[in-house]
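Given next are the chains, with one letter for each unit.
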Amino acid sequence: MMHHQMNFSKSPVCNLTPGTVIVGKWHKNRYTLMRRLGFGATGAVYLSKDANGNKVAVKIGQDNMSITSEVNVLKTFSRVQGNVLGPSLIDVDDWYYEKKQYPFYAMEYLEGENVLSFMKGKREEWVGILLVQLLTDLERLHKAGWAFGDLKPDNLIVVGPPYRIRLIDVGGTTLIGRSIKEYTEFFDRGYWGLGSRRAEPEYDLFAACMIMLNMAYPARFEKKAQPEKQLAAAVNKSPLLKRYRKIVINGLFGKYNSAEKMRNDLVHTLSTYKKQAPVADQEAMSRSVRRSNQKKKKTKILFETLLLASFLFIVYMFYLVSQTM
Amino acid sequence: MKRKGTLRQILLITDGCSNQGEDPVAMAALAREQGITVNVIGVLHEDTPEYQARGLREVEEIASMGGGISQIVYTRQLSQTVQMVTKKAMTQTIQGIVNSELQQILGNDYRVDDLPPEKRGEVIEVVDDLGETMDLEVIILIDASGSMENKLATVQESLIDLSISLNSRIGDNQFSMYAFPGKKKDVELLMDWNGRLDSLTTIFSKLSSGGITPTGPAIKEAIQAFTIRRSKRSLIRDDASSDEFLEESGM
Ligand SMILES: Nc1ncnc2c1ncn2[C@@H]1O[C@H](COP(=O)(O)OP(=O)(O)OP(=O)(O)O)[C@@H](O)[C@H]1O
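This one's a predicted model, so the numbers in the text were calculated from it and none came from an experiment. (Residues numbered from 1 in each chain as written. Chains lettered and ligands numbered in written order. Predicted model: local features only at pLDDT ≥ 70, side-chain atom pairs only at ≥ 80, totals over all residues. Heavy atoms only, no water.)

1. Notes on the side chain of Arg243 of chain A
Residue and element names in this part refer to chain A. Stated formally: Under the DSSP-based scheme used, a helix requires at least four consecutive residues in state H or I and a strand at least two consecutive residues in state E, with every element numbered from the N terminus. Whether a residue is buried, partly exposed or exposed follows from its accessible area with a 1.4 Å probe, protein chains only, as a fraction of its type maximum: under 20%, in between, or over 50%, in that order. Note on contacts: a residue pair is in contact if any heavy atoms of the two residues lie within 4.5 Å.
The residue Arg243 is located in the loop between helix 6 (227-237) and helix 7 (245-252) in this model. According to the relative accessible area criterion, Arg243 is buried, its value standing at 11%. If sequence neighbours within four positions are ignored, Arg243 has contacts with Glu124, Glu125, Thr269, Leu270 and Tyr273.

2. A look at the site of the ligand
Residue and element names in this part refer to chain A. To keep it simple, the criterion reads: Distances are taken per atom, and a residue is near a molecule or strand as soon as one of its heavy atoms is within 4 Å of it. Pairing of N or O atoms within 3.5 Å defines a polar contact, subject to two protein rules: one partner must be a possible hydrogen donor and the other a possible acceptor, and residues neighboring in sequence count only if both atoms are side-chain atoms. The Shrake-Rupley method, run with a 1.4 Å probe sphere, supplies the accessible areas, and residue values consider only the shown protein chains as cover. Classification convention: Asp, Glu, Lys, Arg as charged; Ala, Val, Leu, Ile, Met, Phe, Trp, Tyr, Cys, Pro as nonpolar; all other residues, Gly among them, as polar.
In the vicinity of the ligand, 19 residues are found, and the nearest of them are Ala41, Thr42, Glu108, Leu110 and Asp169. Thr42 is positioned such that a nitrogen or oxygen atom in its side chain is 2.6 Å from an oxygen atom of the ligand. When the ligand sits alone it has 620 Å² of accessible area, and the protein chains cover 84% of it. Taken together, the elements giving at least two residues each to the shell around the ligand come down to strand 2 (30-39), strand 3 (43-50), strand 4 (55-61) and strand 6 (100-108). If one sorts the elements of the shell around the ligand by residue count, strand 2 sits on top with three residues. The class makeup of the residues in the shell around the ligand is ten nonpolar, five polar and four charged.

3. Here's the deal with the packing of helix 4 (residues 124-143) of chain A against helix 8 (residues 259-272) of chain A
All names here are of chain A. Here is the rule: Between the N-to-C directions of two axes lies an angle of 0 to 180 degrees, each axis being a line fitted to C-alpha atoms and, for a helix, fitted only over the stretch in contact. Throughout this description, any angle smaller than 35 degrees is read as roughly parallel, any larger than 145 degrees as roughly antiparallel, any in the 65 to 115 degree range as roughly perpendicular, and the remainder as oblique. Left-handed describes a crossing whose near helix is turned anticlockwise from the far helix through less than a right angle; right-handed describes the clockwise counterpart.
For the pair helix 4 and helix 8, the least separation of the axes is 8 Å and the interaxial angle reads 155°. With respect to helix 8, the element helix 4 is oriented roughly antiparallel. Every pair of crossing elements has a handedness; the one defined by helix 4 and helix 8 is left-handed. Along its contact with helix 4, which presents Glu125, Gly128, Ile129, Leu131, Val132, Leu135, Thr136, Leu138, Glu139, His142 and Lys143, the element helix 8 presents Ala259, Glu260, Met262, Arg263, Leu266, Val267 and Leu270. Each residue belonging to the contact of helix 4 with helix 8 can be placed in one class, and the counts come to ten nonpolar, three polar and five charged.

4. Description of the interface of chain A and chain B
Threshold: Two parts placed together each lose some accessible area under a 1.4 Å probe, and the buried area is that loss summed for both.
Contact residues are listed per partner, giving 32 residues for chain A and 33 residues for chain B. When residues of chain A are sorted by the area they lose upon contact with chain B, Met65, Arg178 and Arg197 of chain A head the list and together hold 22% of the total. Summed over the shared surface of chain A and chain B, the result is 15 residue pairs in polar contact (both at pLDDT 80 or more). Looking at the side of chain A that touches chain B, the elements that each hand over two or more residues are helix 1 (2-9), helix 2 (64-79), strand 5 (89-97) and strand 6 of chain A. The greatest single-element share of the side of chain A that touches chain B, amounting to five residues, is contributed by helix 2 of chain A. By residue class, the composition of the side of chain A that touches chain B is nine nonpolar, 14 polar and nine charged.

What follows is the structure, encoded as structure tokens:
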């Protein structure tokens, strides 16, 4: 991807100053750019205001082909029943700038946080909840005949509260049965030697599991000689993924043929998993037994508080899960 | 528009300047005349990128004359680059075809960009569709001059990766591979037409790197290989009509 990224960063539409006004050639809608949210291989995304002062995200590109195929995907998304998958599409047009024509589209601005930064300091329940939400969307996407393709933390945003994961950057979305349009090595099953790059539910589920691994290993890791064993070991060694171990392994090795199945397993685990006291805690407890009664009492109070807290947490969790249905 | 055809590409992987035989830029122009796209990947040495980048100007010239895409990378980025360049070049060629068909229908100087955004979507769907279903023939040319020696393992890995990507398509793929210089000849056949690239390990172990870099002759050899294959195929079944459709589009 380097080449295009380097090329695009030099493009005049990649470095537009805040305040720049864009007027579409066909529909004549006006957008005032506020700041650049980021840029990638195909274009730059700017937080903007439309004529009525509403916040929107505007993506300006150079290459008609990729902008148009993203628009095609966003249009299909809007036809899928239920909540919108990805940001909803507002306008598609061209902009004349410095004697050249640039394709752009305006979409819903999703205000939120990248999944990985959202996860910082969060407990393992959150891994499951975010994944349940993601899998709900993937299931609908797959049913509509598409695979997301380039599934990775950068393309997931957590909006809210109430927190809800949302898909952005639909550049990799591919009709099921075709070859994946865009992917990122760490999340690509082909790269790890665990399957083809044909668009199918299993392809996305592999990536979803790699996202879980990325939550457990924020710095990611390099591929080694036996990738299959390496991934399994990484799953097994992670405290964050402990309760999801079986599910992640199944997803990585193509054992789930639908997002729904993986989702159901996650929901089941989330609602039934009993946390065993970690070894360190048990030692601490037995030590405290030998100590004074007062200490024992303290531990008990602490324990009850924890119990209450986790009860409340579970209630909240169910609320969040229900948000996705 | 749904007519299927075959896309023909040369994928050249090299790390330096040619120094033997025909001018590779001229050979690339010749390939393009025959409806063959030439894509070039220039491999940079991690330790001397500055010095080398200058030498790799030839890489861009070959690709530009060959109607293809060039990309200069460090060895570690090779896998993703090889498949990306190949796919991009396919799309570019198909887009060229579709554009010229549009011009025939709508008049000269008419391009996809001039269509209103609502109509563009349909055109892109056709391009996507062809990219997925057309057959593809790729001849891979590997620079085996001395300086490439320690990169061949990565080259091999990136070609296997390419095979994973392309074999996930609906259309058929055929690959063939040459090394230059070879053991006995300037240009040596490593692998004859084959649908897969995963049996490469044995082939690569046979490579011995030489001192010269006959890039031009390698491209010439590839053009010939395409010609022979095409004439053989039209003897077997008459697919001249679909070929014609693509040849005119090589531009
Ligand atoms: N609708 C949106 N709302 C909020 N932020 C967005 C929206 N769309 C994109 N962004 C942000 O803008 C940045 C750039 O988005 P873009 O779609 O270009 O992604 P990319 O992966 O960097 O690019 P590319 O797909 O072109 O390689 C991303 O960091 C993303 O978080």
